[in-house]
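Understanding the architecture of this molecule
The primary structure of each chain is shown beneath.
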Amino acid sequence: MNTEIEVCIDNLESLHNALSGGANRIELCSSLALGGLTPSFGMMKQAAQISSVPVYAMIRPRQGDFIFDDDDMLCMLEDIEASSKAGLNGVVLGVLMPNGSIDMPKMQQLADKAHSLELGITFHRAIDHSSDYQTALEQVISLGCERVLTSGLAVNAEQGVNVLADMVTQANGRIDIMAGAGVNATNAKVIQSTTQVPALHLSGRSTRASRMENSSSAQMGSDDIDDYQIPVTDANKVFDVRVALTIKE
């Protein structure tokens, strides 16, 4: 099985690195530290011009849960439109009800918009917060999504292998199950061989030092964020996952 490697990024420097490392697809976000939010239109356009592989934009207007009101929905519909205008290949989204079930009326509205623009759809890790993942998976399939990104409802994909394997069996080729959260070169082969997922998702996260020549005590965000360490994808971490997947057991 040729396993796809999707890399999530939140800056264009990371896009170049992900491509260099051998990514098959890009999940384009802002604010990965918050779980990934919608990128700007300018970032979408530039990513579409740079990337040699499909790029899917995260459609998530805020951090926190996946319960979105009417204002959020209008924003998400506009952002789906922006993704198409920017030349991207698809979108990544998910909406839940307070009880943990998928909000099908809202998801249908978003899916219809994406389909009308010929955009692919990934249902993201909102499924890991669902109250019944088997029912949720059938609903995601009925929406015409191409894949679902999931950790198998666990803290990370390595701990969620049993549910991931069950999802792959249930999907039976009708939708791709993409394992994400904590995927790296050490566990990628085990996760893939145990579950038979056709795709893995990772950030390959690292940091580099700021190029600022002088420092300041002014803080741009939270006290626990170092403004002089820039988060970027490490091309070697992506490449190492690809190599790990080729090693025979």
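Higher on the page you've got the structure.
The text that follows walks through the structure, step by step, so that each part is easy to find.

Each value, and the rule that gives it
- Residues numbered from 1 in each chain as written.
- Predicted model: local features only at pLDDT ≥ 70, side-chain atom pairs only at ≥ 80, totals over all residues.
- Heavy atoms only, no water.
- Core = buried A, V, L, I, M, F, W, Y, C linked by side-chain atoms within 4.5 Å.
- Buried < 20%, exposed > 50% of the residue type's maximum accessible area, 1.4 Å probe, protein only.
- Contact = heavy atoms within 4.5 Å.
- Helix = DSSP H or I, 4+ residues; strand = E, 2+ residues; numbered from the N terminus.
- Polar contact = N/O pair within 3.5 Å; in protein donor to acceptor, adjacent residues only side chain to side chain.
- Pairing = 2+ DSSP bridges.
- Axes fitted to C-alpha atoms, helices over the stretch in contact; angles between N-to-C directions.
- Expected span 1.5 Å × (residues − 1).
- Parallel < 35°, antiparallel > 145°, perpendicular 65-115°, else oblique.
- Left-handed = near helix turned anticlockwise from the far one by under 90°.
- Nonpolar A, V, L, I, M, F, W, Y, C, P; charged D, E, K, R; others polar.
- Salt bridge = Lys/Arg side-chain N within 4 Å of Asp/Glu carboxyl O.

1. Here's the deal with the nonpolar core
If you look at the biggest cluster of nonpolar residues, it comprises 64 residues, and the most contacted ones within it are Ile26, Leu110, Phe123 and Ile177. For leucine 110, the contacting residues outside a window of four places in its chain are Met73, Met76, Leu77, Ile80, Leu93 and Val95. Among the nonpolar cores identified, the runner-up in size contains six residues, and Cys8, Tyr56, Met58 and Val92 belong to it.

2. Some words on the side chain of histidine 124
With respect to the helices, strands and loops of the structure, histidine 124 is situated in the loop between strand 5 (120-123) and helix 5 (133-142). Here glycine 94 takes part through its backbone nitrogen, which lies 3.2 Å from a polar atom of the side chain of histidine 124. Discounting chain neighbours no more than four positions away, the residues touching histidine 124 are Met58, Phe66, Val92, Leu93, Gly94, Val148 and Leu149.

3. Observations concerning the environment of alanine 165
Mapped onto the secondary structure, alanine 165 falls in helix 6 (residues 161-171). Judged by relative accessible area, which is 22%, alanine 165 ranks as partly exposed. Considered as a pair, alanine 165 and valine 197 are 32 residues apart in the sequence and their alpha carbons are 7.4 Å apart. When neighbours within four sequence positions are excluded, alanine 165 is seen to be in contact with Thr194 and Thr195.

4. Re the side chain of threonine 122
Structurally, threonine 122 is set in strand 5. Threonine 122 sits in the buried class, given a relative accessible area of 0%. In this structure, threonine 122 is in contact with Tyr56, Val91, Val92, Leu93, Arg147, Leu149 and Met178, ignoring residues within four places of it in sequence.

5. Describing the sheet that holds strand 8 (residues 199-202)
One closed barrel accounts for eight strands, arranged 1-2-3-4-5-6-7-8; its pairing is parallel. For this sheet, the mean inter-axis angle between neighbouring strands, taken without regard to orientation, is 25 degrees. Judged from the four bridges that link them, strand 1 (residues 4-9) and strand 8 form a sheet pairing that is parallel. The partner of glutamate 6 across the bridge, within strand 8, is histidine 201.

6. Some thoughts on helix 8 (residues 235-246)
An ideal rise of 1.5 Å per residue puts 16 Å on 12 residues; helix 8 measures up with 17 Å between its terminal C-alpha atoms. Burial in helix 8 covers these residues: Ala235, Val238, Val241, Ala244 and Leu245. On its buried side, helix 8 packs onto strand 1, helix 1 (12-21), helix 7 (188-195), strand 8 and strand 10 (229-233). Between a side-chain oxygen at the N-terminus of helix 8 and the backbone nitrogen of asparagine 236 the separation is 2.8 Å; the capping residue is aspartate 234.

7. What about the packing of helix 7 against helix 8?
Put simply, helix 7 and helix 8 touch, their axes get as near as 8 Å, and they point 50 degrees apart. Looking at the two axes, helix 7 sits oblique to helix 8. For the element pair helix 7 and helix 8, the recorded crossing hand is right-handed. Between helix 7 and helix 8, the residues in contact are Ala188, Lys189 and Gln192 and Val241, Ala244 and Leu245, respectively. Per-class residue counts for the contact of helix 7 with helix 8 are four nonpolar, one polar and one charged.

8. Looking at the pattern of salt bridges
On inspection of all chains with the given rule, the structure shows nine salt bridges. A salt bridge links arginine 208 to glutamate 13; its shortest N-O distance comes to 2.9 Å. Taken together, the positions of arginine 208 in strand 9 (residues 205-209) and glutamate 13 in helix 1 put the pair 195 residues apart, joining distant regions of the chain. Residue classification places glutamate 13 among the partly exposed positions, given a relative accessible area of 29%. Look at the salt bridges and you will find they share partners, linking Glu4, Glu6 and Arg25 into a network.

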